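Examination of the molecular architecture
What follows is the residue order along each chain.
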Amino acid sequence: MFVRKSALLTLTIVALVVGLVGLGPARAQDKVTLSVWDYYGDSTPIKPLVDKFQQENPAIAIQLEGLDWNTTQEKLNVVLTSEDTPDVVTIDMTWLPKFAPLGAFTDLTALSGGKLNGVALDKSYTPGALQSITYNQQTIAMLYDFDVYALYYRADLFDKKGLQPPKTWDDLVNVASKLVENKKYQYEYIADPFHAVQFIYENGGGLLNEDNTKAIFAEPKAVSAVEFYASLLKKALAINWTVDSGEVIQGIKDGRIAMFSDGPYFMGILKTAAPEMAGQWKVAAHPIPKDGKPGSYLGGTGLVIPTKSKHKEAAWKFIEYLMRPENQLNVYKVAGAAPALSAVLESPDLNAADPYFGGQKPFAVFYEAMKTAHPFPYVRQWDDIGQAITTAMQEIALGQKTVQQALEDAATTTNDALAK
Amino acid sequence: MTARLAPPITAIRKYYLGYLFIAVPVASSIIFLLIPMLTSLIWSFTDFNGLQPPHFVGLGNYVELFTRDKLFIKALQNTAIFVVLSLGAGPVLGLLTALMLNQNVRLRALFRTAYFLPVMTSMVVVATLWRMLYNESGLFNTILSSLGLGTVGWLSDPNWALVSVVIASVWQGFGYETVIFLSALQTIPGELYEAATIDGAGALAKFRFITLPSLRSVILFIYVIGIIGGAQVFDQVFVMTQGGPVNSTTTIVFYLYRRFQDLRLGYASAIAYILFLILVGFSFVQWRVLGERD
Amino acid sequence: MAHASKPRSRWMTRGLLYVLLATSSVLMMIPFYWMVSSSLKQEAAVFASPPNWLPNPVSFNGYQNILSRGVFLRYLLNSVLVSVGITAGHVIFDTLAAYAFAKLRFPGRNFIFFIMLLGLMVPFQVNLIPLYRIMSSLHWLDTFAALIVPNMTSIFGIFLMRQFMFSIPDEILDAARIDGCSEWGVVGKVVAPLALPGIATLVIFVFMESWNSFLWPRIVTTSEAMFTLPVGLAQLQMKNTSNWATNMAGTTLVALPMILVFLLMQRRFMADLTAGAVRG
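So, the overall build of chain C
On a plain count of helices and strands, chain C comes out with 13 helices and zero strands. Secondary structure elements of chain C, listed N to C terminal, follow the sequence α-α-α-α-α-α-α-α-α-α-α-α-α. Here chain C, with 280 residues, has 57% of them falling under the buried criterion. In chain C, 75% of the contacts between residues at least 6 apart in sequence involve partners at least 24 apart.

Considering the pairing of strand β1 (residues 32-38) of chain A
Residues and elements named next belong to chain A. In terms of burial, β1 is a largely internal element, five of the seven residues being buried. Pairing of β1 with strand β2 (residues 60-66), which is carried by seven bridges, proceeds in the parallel orientation. Paired with Thr33 across the bridge in β2 is Ala61. Of the crossover connections in this fold, the one passing from β1 over helix α2 (residues 47-56) to the parallel β2 is right-handed.

A few points about a nonpolar patch on the surface
Residues Leu139(B), Ile143(B), Leu147(B) and Leu149(B) make up a contiguous nonpolar surface patch of roughly 420 Å² in combined accessible area. Mapping Ile143(B) onto the fold places it in helix α6 (residues 139-146).

A short note on the environment of Leu179(A)
Residue and element names in this part refer to chain A. Among the secondary structure elements, Leu179 is positioned in helix α9 (residues 169-179). Given a relative accessible area of 1%, Leu179 falls into the buried group. The spatial distance from the C-alpha of Leu179 to the C-alpha of Met259 is 9.8 Å, given a sequence separation of 80 residues. Setting aside residues up to four positions removed in sequence, Leu179 forms contacts with Leu157, Phe158, Lys161, Leu163, Lys184, Tyr185, Ala258 and Met259.

A word on the interface of chain C and chain B
Across the boundary between the two partners, chain C contributes 91 residues, which contact 90 residues of chain B. Roughly 8400 Å² is buried in total at the junction of chain C and chain B, and carbon and sulfur atoms are behind 76% of that figure. For the pair chain C and chain B, the number of links is zero salt bridges. Linking chain C with chain B are five residue pairs in polar contact (both at pLDDT 80 or more), by the criterion used here. Among the secondary structure elements, those contributing two or more residues to the side of chain C that touches chain B are α1 (7-39), α3 (71-103), α4 (109-117), α5 (124-137), α7 (155-165), α9 (183-194), α10 (196-212) and α13 (244-269) of chain C. Top element by residues in the side of chain C that touches chain B is α1(C). It accounts for 16 residues. Counted by class, the side of chain C that touches chain B contains 68 nonpolar, 16 polar and seven charged residues.

Concerning the nonpolar core
A general tendency of soluble globular proteins is for nonpolar side chains to be buried together. With 272 residues, the main nonpolar core has Tyr125(A), Phe146(A), Tyr152(A), Leu270(A) and Phe318(A) as its most contacted residues. Two domains each donate at least three residues to this core, and these are domain 1 (8-56) and domain 2 (67-293) of chain B. What Leu270(A) contacts, discounting residues up to four positions off in sequence, is Tyr152(A), Ile249(A), Ile252(A), Pro275(A), Trp281(A), Tyr356(A) and Phe357(A). If you look at the next biggest cluster of nonpolar residues, it comprises 57 residues, including Phe158(A), Leu172(A), Ile389(A) and Leu407(A).

Quick notes on the pattern of salt bridges
Applying the stated rule across the entire model yields 23 salt bridges over all chains. Two residues, Lys52(A) and Glu56(A), come together in a salt bridge whose shortest N-O distance is 3.7 Å. In this pair, Lys52(A) and Glu56(A) are both assigned in helix α2, four residues apart and thus about one turn of the helix distant. Under the relative-accessibility criterion, Glu56(A) is labelled partly exposed at 37%. In this structure, the salt-bridge partner of Glu74(A) is Arg218(C), at a minimum N-O distance of 2.7 Å. You can see Glu74(A) sitting in helix α3 (residues 69-80) and its partner Arg218(C) sitting in helix α11 (residues 215-220), one on each of two chains. Comparing Glu74(A) with Arg218(C), the two get one shared label, buried. The network of salt bridges with common partners includes Asp384(A), Arg259(B), Asp262(B) and Arg264(B).

Notes on the sheet that holds strand β13 (residues 281-284) of chain A
All names here are of chain A. Ordered in space as β11-β10-β12-β9-β13, the five strands form an open sheet in which the pairing is mixed. Two strands in the sheet have a free side with no partner beyond their single neighbour: β11 (238-240) and β13. Geometrically, the sheet is characterised by an average inter-axis angle of 30 degrees between neighbouring strands, direction not taken into account. Taken together, the four bridges between strand β9 (residues 150-154) and strand β12 (residues 257-262) define a ladder with antiparallel strand orientation. Looking at β12, one finds that Leu151 is bridged to Ser261.

Some details on empty space enclosed by the protein
Counted by the stated rule, this structure contains five cavities of 30 Å³ or more. Roughly 130 Å³ of volume is contained in the largest cavity. Around the largest cavity, the lining residues are Glu74(A), Asn77(A), Val78(A), Tyr257(B), Phe260(B), Gln261(B), Leu265(B), Gln125(C), Leu128(C), Ile129(C) and Leu215(C). Every element with two or more residues in the lining of the largest cavity is listed here: α3 of chain A, α12 (252-261) of chain B together with α5 of chain C. Across the lining of the largest cavity, the residue classes tally to seven nonpolar, three polar and one charged.

Some details on the domain arrangement of chain B
A common way to express how large an interface is: the accessible area buried when the components associate. All names here are of chain B. Under the domain assignment, chain B is made up of domain 1 (8-56) and domain 2 (67-293). Distance between the C-alpha centres of domain 1 and domain 2: 30 Å. Counting from both sides, the interface comprises 11 residues of domain 1 and, opposite them, eight residues of domain 2. Both sides of the domain 1 and domain 2 interface together cover about 720 Å² of buried area, and 67% of this is carbon and sulfur. Taken together, the connections running from domain 1 to domain 2 amount to zero salt bridges. At the surface where domain 1 touches domain 2, the tally comes to four residue pairs in polar contact (both at pLDDT 80 or more). Tallied by class, residues from the side of domain 1 that touches domain 2 come to six nonpolar, five polar and no charged.

Things to note about the side chain of Ser283(B)
Checked against the element boundaries, Ser283(B) lands in helix α13 (residues 265-290). Dropping the residues within four chain positions of it, Ser283(B) is found in contact with Val224(B), Ile228(B) and Met121(C).

Let's talk about the interface of chain B and chain A
The partner chain A presents 29 residues to the 28 residues of chain B that form the contact. Summing both sides of the interface, chain B and chain A together bury roughly 2500 Å²; the carbon and sulfur share of this comes to 45%. One salt bridge connects Glu247(A) with Arg131(B), and the closest N-O pair in it is separated by 4.0 Å. The interface formed by chain B and chain A includes 14 residue pairs in polar contact (both at pLDDT 80 or more). Residues that form the side of chain B that touches chain A fall into these classes: 12 nonpolar, eight polar and eight charged.

What counts as what
Residues numbered from 1 in each chain as written. Chains lettered and ligands numbered in written order. Predicted model: local features only at pLDDT ≥ 70, side-chain atom pairs only at ≥ 80, totals over all residues. Heavy atoms only, no water. Helix = DSSP H or I, 4+ residues; strand = E, 2+ residues; numbered from the N terminus. Buried < 20%, exposed > 50% of the residue type's maximum accessible area, 1.4 Å probe, protein only. Contact = heavy atoms within 4.5 Å. Pairing = 2+ DSSP bridges. Right-handed = clockwise from strand over helix to strand, strands pointing away. Patch = residues over 30% accessible without salt bridge, like charges linked within 9 Å, V, L, I, M, F, W, Y side chains within 5 Å. Areas by Shrake-Rupley, 256 points an atom, 1.4 Å probe, with all protein chains shown as cover. Salt bridge = Lys/Arg side-chain N within 4 Å of Asp/Glu carboxyl O. Buried area = accessible area lost by both parts, 1.4 Å probe. Polar contact = N/O pair within 3.5 Å; in protein donor to acceptor, adjacent residues only side chain to side chain. Nonpolar A, V, L, I, M, F, W, Y, C, P; charged D, E, K, R; others polar. Core = buried A, V, L, I, M, F, W, Y, C linked by side-chain atoms within 4.5 Å. Domains from an automatic or database assignment. Axes fitted to C-alpha atoms, helices over the stretch in contact; angles between N-to-C directions. 1 Å grid on protein atoms, 1.4 Å probe; cavity = no way out; pocket = protein on both sides within 12 Å on 5 of 7 lines; lining within 4 Å. Points joined across faces, edges and corners; volume = space filled by probe spheres on them.

See below:
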């Protein structure tokens, strides 16, 4: 008993001493060390590029912290409130609404001089992308990969039944009714803001008014858009995908879903988890109403420099390096995501025929969609608004409320939040 | 009680061991618990968002939580339901299984490990497996429909979601109670039972008059910790339902977490301290009712 | 034997007991089994519906993904150091404090205990940021100190041990003191052996919690060399998808040491203490 106790005691003391002496890595003294956070995880496009950067810039050392999406989000909340913030962070663009109004990120206008690797910003990005990295006339991020929604559809089933990818909402109803058999081959309904706004934007509606003080998604255009979306459920043309339905990829594999709206990263998911379906899927622009226009949410990954960073010039150098066209390609090659730089999207690498998608060039579809996409409003209360919309879409799917009622209630919640 | 009449030096010598033994935990509590708690308590009276200087708002956060925050009230209700259901089932299952495992059976170690395995398995695994079980065409619905009872939207029906989370929770967690009860049962001297047998007592009488009273301390512990822990339920909700559908599984700590993620540190701290006051109240009552007499 | 019961009903009760234990044990083991079998599947097969209970074909990709990284050993070492340090701390400090709260008398004893109990009633998220700042000002960020010291003792452990202490009769302690034992001797020679079931339980719970601990370690560590196992493994998730087979391989690897500790503890301290069946 005593032997064990003293062994434990010794171990404790050893651990404490080791810890207090600080068994951390040695930090370089004369160089500038940049702390970079990367949430791409296993398939990071950034890590392979670090060595070359350090060779080109011997005075800068990169300390790369590879985390996952969840960890980065939670850790950012804690660390940004302290004095030791990282210098470069990959953030999800949907986090900007809560950080931007609090001045968490450096205005890159001065550092960049309005240019990215010598090219003016408005030539580097599409207008929507530019809008997404701008807040209060400041440029607070560089868009690294982008996310917009387009229609994924079972081209093999379409061919079998002699159907064309739907261009209008009427087409969608038409096509869906011919496809659906026994609760299979449906269009996917997901209760969240990303999917709801697709229809709202397409019908000319919006989320908030010009100066972001009032909700406008309970107005006629938005309401009729969501009513159309909900009508697909009522006509049994769409399947309400909830957590009880399982993983989306499973529904895709067993045929419950034959059409769905999602972003370019889903191409990677299909290839990894459903390799047997190669050649069965294609992408097309999401259908729009007769007198509507294309529209989608715009998100993705941004590279930011927290305001409390002590090495802003060096951080900007690293960001510019990552945004070089040849380095942006890594985003696609390694991470399977969609690079945001216009020059790269027009390059031949991303416009090659993709055998998984039946020889189609899917990136062109997403690039086209990016031109008409815009981000969610950058208001501090975005989390509340997004939640209110999700709740409304759930209530609609469950049949608890009419579309008008559900959206009105969500609008009330939103206005209350905005008024505070 | 001669201690009180002893001269001061004797008193110090008498008591110093008590203080010495508790010195490290007390210091640790002060530095790593009490000081952070005080900090966040102060924040609860401000609009602190972590990045900008805070402004004092007095009781503003607290008032708003009770008068204008419908989601908070819903979270209180959901949490209450969760605690009542899980504390009803968990300790009972724990005691039953501990009694079984305490028998002189072969392969005891194997059975004990089996019961504790869910506790040791990560919540993500447990949640994923239960999601599969709860699936619309999963095991439970298959059984139900083969009995002609139709299917249930276990996690997608707002009327069922909370109960489903409770079931998965209790299943994953009652192993805790099993282990504690088992250890406690080990400390009951076998002679007591032998004497009772000689006196002609049956199994039920032995349970009522020997086992249960001996477990009193441990039962108190389980219920106090159980309410404190149950009221702070978070992991299961985070992994299984993210608070939905229609906020039917949003618990107090889950709501608090959302507010923290939204950088509303002052508001979230207020939520925490309302929960704190509730728990202090409960613990006090429990101590009086179940507590030891010393 | 005082029991007058017929042998057959005895057999039936024993039989029923075994049946109950066996079936319920199997039920409890199902998720664990599913975790291990998923870790041996190919990625695309993990979510097959209806679920495949046997991996077919068996694939070690998940494990390769993890074990092929040199840094994995470092994660493992860190986790071991941290968990052992924390558990040792709890065993020493919680037991001593519990003994004091249960068996020694000193002014303010109950009051101090209740005040410390208050610390349990606040969710950890609330203390996270202030604690982080304290770590920062102590320059403990990214060191073992930050991982171990704040977690070395807790009122939960003290509370648990205290309840076990109550079952130790005062007479035994007084007898030891009369025999000339110092208080330390009483604790070491009399109390500790009697409280072994409690200590074993404490070790199991504390080791498990610190081994699985994820939130605090990932906030407080910045360099890969300091990651513990759960933090390092989380890195293996990709930005938009999950490598389920790899994840399950990771969680299996993380679960194994805990099971080991559990088996060790329960065999040492729980299995053989009751020679003459304690029946309730």
